[in-house]
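Letter by letter, the chains look like this.
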Amino acid sequence: MSNLIVHGGKPLRGRITPSANKNAVLPILCATLLTSEPLKLIGVPDITDVRKILDIYRELGSDVQWDRETGTLSLHHKNTHFDPAKHHLPEEMRSSIMLVPPLLARFGVARLEDNVKGCTLGVREIDPHVEVFRNFGGLVERSLGSLLIHRDGPLKAVKHWLDYASVTTTENFVLCAVAADGTSTLNNAASEPHVQEFCRFMQMLGAQIKGIGTSRVTVIGGAPLGGGEFRFDEDFHEITTFLALGAITGGDVIVKNSAPDNFPLIDRTFAKFGVHVEHKDGWSRAWRDGPLKVQTPFTSNTLTKVEAAPWPYFPVDLLPIFIALGVSAEGNAMFWNKVYDGALGWTGELSKFGAHVFSSDPHRIITFGGSKLAPATVESPYIIRVAIALFMVAASIQGRSEIRNATPIRRAHPSFVENLRSLGAQVEWTEEE
């Protein structure tokens, strides 16, 4: 277990170049298995989930050359082989399920551990994925401790309508569809920036995809895929995180951002707490003129709200970051997670800092700002941006705080502490058995 020690109360200042979005990197790494042509990926972050996928590729016989310092990864799956009797997909990693379609397409069979999971965000069902596999012609069977997915013939194009706009299920649909003969259509598709980036990678391979960034995606499949070179965008989650760190500490942080078109709603949400954001010449900057303050809604007798749901709503993964701003600001605000059950259970830890947070129900909380906050030792659940949110609050308070079990941060941010130190933060990792 890794803990973060921070001596807070110092304004953070400087420039940051963020890493790529793991939610784009991981599905793209899985998609590479669909082609036997050589590939070069630029900007691959050195995070634990990437290492797990590359380990399985080496085990399968793929040629893997990764320069961790530069983030350049060369992959060639020409001599890859899969034996379901001995090859297991990485456990306890949600993205493992996106290895199923390429394995199914290339080898006719895939084996998935029954306990695949990611962050602790309540029940993460795999039924939507199973439905997609079956619709394309996959046969799904339970065996001891695992799921066996195989096919008796070629994958066939389908029309499908998701129950909800699931990111990973949308990506699995596209992965199946590019390998299936004919035209497949998905309604209620997810459209997050990382889904769009994934689809652009598939187009680079030669896939024909229409409707990228919309709720209706059409894929013309069956054509062989090629190779090429792909450069990842900066992670909009990490961009927002460092902008928020600058704001909560009263500093001035500037972050490289090549896709500011993703930020209008995020910018407006910052403004609800008195934070200004500017995008200029490929960089983004956040600052505040005075103390953080929740802005009063025009409609009387209502609370300022941050409602998080699938894109193009405010991103649910960023909700903890803004809860940290909420407990540090003057005034009251409501935060609404419309996606995950149990994703707000961690907010009780904020009371250890002296924050006043009321849980309305499993999906909504209210922060009552203005309380004097003090350093504390807090426990993070296994949720990446919750660990970061707790760190944000600690970084804004004068004195020594400890974020215990902050390990999830390493799943998404390879140089988090190094970047913080470059901004002037006093922070370090400590390790426990």
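Rules behind the numbers
- Residues numbered from 1 in each chain as written.
- Predicted model: local features only at pLDDT ≥ 70, side-chain atom pairs only at ≥ 80, totals over all residues.
- Heavy atoms only, no water.
- Buried < 20%, exposed > 50% of the residue type's maximum accessible area, 1.4 Å probe, protein only.
- Helix = DSSP H or I, 4+ residues; strand = E, 2+ residues; numbered from the N terminus.
- Polar contact = N/O pair within 3.5 Å; in protein donor to acceptor, adjacent residues only side chain to side chain.
- Salt bridge = Lys/Arg side-chain N within 4 Å of Asp/Glu carboxyl O.
- 1 Å grid on protein atoms, 1.4 Å probe; cavity = no way out; pocket = protein on both sides within 12 Å on 5 of 7 lines; lining within 4 Å.
- Points joined across faces, edges and corners; volume = space filled by probe spheres on them.
- Nonpolar A, V, L, I, M, F, W, Y, C, P; charged D, E, K, R; others polar.
- Pairing = 2+ DSSP bridges.
- Contact = heavy atoms within 4.5 Å.
- Arc of directions from axis to C-beta.
- Patch = residues over 30% accessible without salt bridge, like charges linked within 9 Å, V, L, I, M, F, W, Y side chains within 5 Å.
- Areas by Shrake-Rupley, 256 points an atom, 1.4 Å probe, with all protein chains shown as cover.
- Lys, Arg positive; Asp, Glu negative; His and termini not counted.
- Charge placed at Lys NZ, Arg CZ, Asp CG, Glu CD.
- Axes fitted to C-alpha atoms, helices over the stretch in contact; angles between N-to-C directions.

**With respect to helix H1 (residues 22–31)**
Point 1. With respect to burial, H1 is a largely interior element, 10 of its 10 residues being buried.
Point 2. Of all the residues in H1, the buried ones are Lys22, Asn23, Ala24, Val25, Leu26, Pro27, Ile28, Leu29, Cys30 and Ala31.
Point 3. Put simply, Asn21 is the residue that caps the front of H1, since its side-chain oxygen is 2.8 Å from the backbone nitrogen of Asn23.

**Section: the side chain of Ser95**
Point 1. Note that Ser95 resides in the loop between strand E5 (72–76) and helix H3 (100–107).
Point 2. The class for Ser95 is buried, based on a relative accessible area of 6%.

**As for the pattern of salt bridges**
Point 1. The tally for this structure, following the rule as stated, stands at 13 salt bridges.
Point 2. The partner of Lys352 in a salt bridge is Glu349, and the shortest N-O contact between them spans 2.9 Å.
Point 3. Residues joined by salt bridges that share partners form a network here, namely Lys305, Glu307 and Lys338.

**Regarding the layout of surface pockets**
Point 1. Taken as a whole, the second largest pocket holds about 470 Å³ of empty space.
Point 2. Lining the second largest pocket are 26 residues, and of these Pro45, Asp46, His413, Pro414 and Ser415 lie nearest its centre.
Point 3. In terms of residue count, helix H11 (residues 416–422) provides more of the lining of the second largest pocket than any other element does, 4 residues in total.

**Looking at empty space enclosed by the protein**
Point 1. Enumeration according to the criterion identifies 2 cavities of 30 Å³ or more in this entry.
Point 2. Considering only enclosed or pocket space, the largest cavity measures out at about 40 Å³ in volume.
Point 3. Taken together, Val178, Gly206, Ala207, Gln208, Ile220, Gly221, Gly222, Ala223 and Leu225 make up the lining of the largest cavity.
Point 4. Residues belonging to the lining of the largest cavity are distributed by class as follows: 5 nonpolar, 4 polar and no charged.
Point 5. Taken as a whole, the second largest cavity encloses approximately 40 Å³ of empty space.

**A look at the pairing of strand E3 (residues 39–42)**
Point 1. Alignment of E3 against E5, held across 4 bridges, turns out to be antiparallel. Bridge pairing in E5 places Lys40 opposite Ser74.
Point 2. With 4 bridges connecting them, E3 and strand E13 (residues 228–231) associate as parallel partners. When the sheet's bridge partners are listed, Leu41 is paired in E13 with Phe230.

**Topic: the side chain of Thr80**
Point 1. Take Thr80: it is sitting in the loop between E5 and H3.
Point 2. Judged by its relative accessible area of 3%, Thr80 is buried.
Point 3. Side-chain polar atoms of Thr80 contact the side chain of Ser62, separated by 2.6 Å.
Point 4. Among the polar contacts listed, one links the side chain of Thr80 to the backbone oxygen of His77, at a separation of 3.0 Å.
Point 5. The contact partners of Thr80, leaving out residues within four places of it in the chain, are Leu33, Leu60, Gly61, Ser62, Arg106 and Phe107.

**A closer look at the environment of Met98**
Point 1. Its place among the elements puts Met98 in the loop between E5 and H3.
Point 2. The class of Met98 is buried, set by a relative accessible area of 3%.
Point 3. As a C-alpha pair, Met98 and Glu330 span 232 residues in sequence and 43 Å in three-dimensional space.
Point 4. Once residues lying within four places of it in the same chain are set aside, the contact partners of Met98 are Pro27, Cys30, Thr168, Glu171, Asn172 and Leu175.

**Side note on helix H8 (residues 264–271)**
Point 1. Residues of H8 that are buried include every one of Ile266, Asp267, Thr269 and Phe270, and no others. The arc that holds every buried residue of H8, seen down its axis, measures 160°, which confines them to one face.

**Description of the environment of Asn188**
Point 1. Relative to the assigned elements, Asn188 resides in the loop between strand E10 (182–187) and helix H6 (193–205).
Point 2. Residue classification places Asn188 among the partly exposed residues on the basis of a relative accessible area of 25%.
Point 3. Taking the C-alpha atoms as reference, Asn188 lies 6.1 Å from Trp161; in sequence the two are 27 residues apart.
Point 4. Filtering out sequence-adjacent residues up to four positions away, Asn188 remains in contact with Trp161, Leu162, Asp163, Tyr164, Ala165 and Ser215.

**Description of a negative patch on the surface**
Point 1. A contiguous patch of negative charge on the surface is contributed by Glu125, Asp127, Glu131 and Asp163.
Point 2. For Asp127, a relative accessible area of 51% puts it in the exposed group.

**Examining the sheet that holds E10**
Strand pairing in a sheet relies on backbone hydrogen bonds. The paired strands run either parallel or antiparallel.
Point 1. Read from one edge to the other, the open sheet built from 4 strands follows the order E9-E10-E12-E11, with strand pairing classed as mixed. With partners counted over all chains shown, the strands left at the sheet margins are strand E9 (159–161) and strand E11 (208–210), one partner each. Between one strand axis and the next, the sheet turns through 15° on average, direction left out of account.
Point 2. For E10 and strand E12 (residues 216–221), the ladder comprises 6 bridges, and the chain directions are antiparallel. For Leu186, the partnering residue across the bridge sits in E12 and is Val217.
Point 3. Strands E9, E10, E11 and E12 of the sheet are contacted by helix H5 (residues 167–179), whose axis makes an angle of about 25° with E12.

As far as function goes, none of this settles anything; it's purely spatial.
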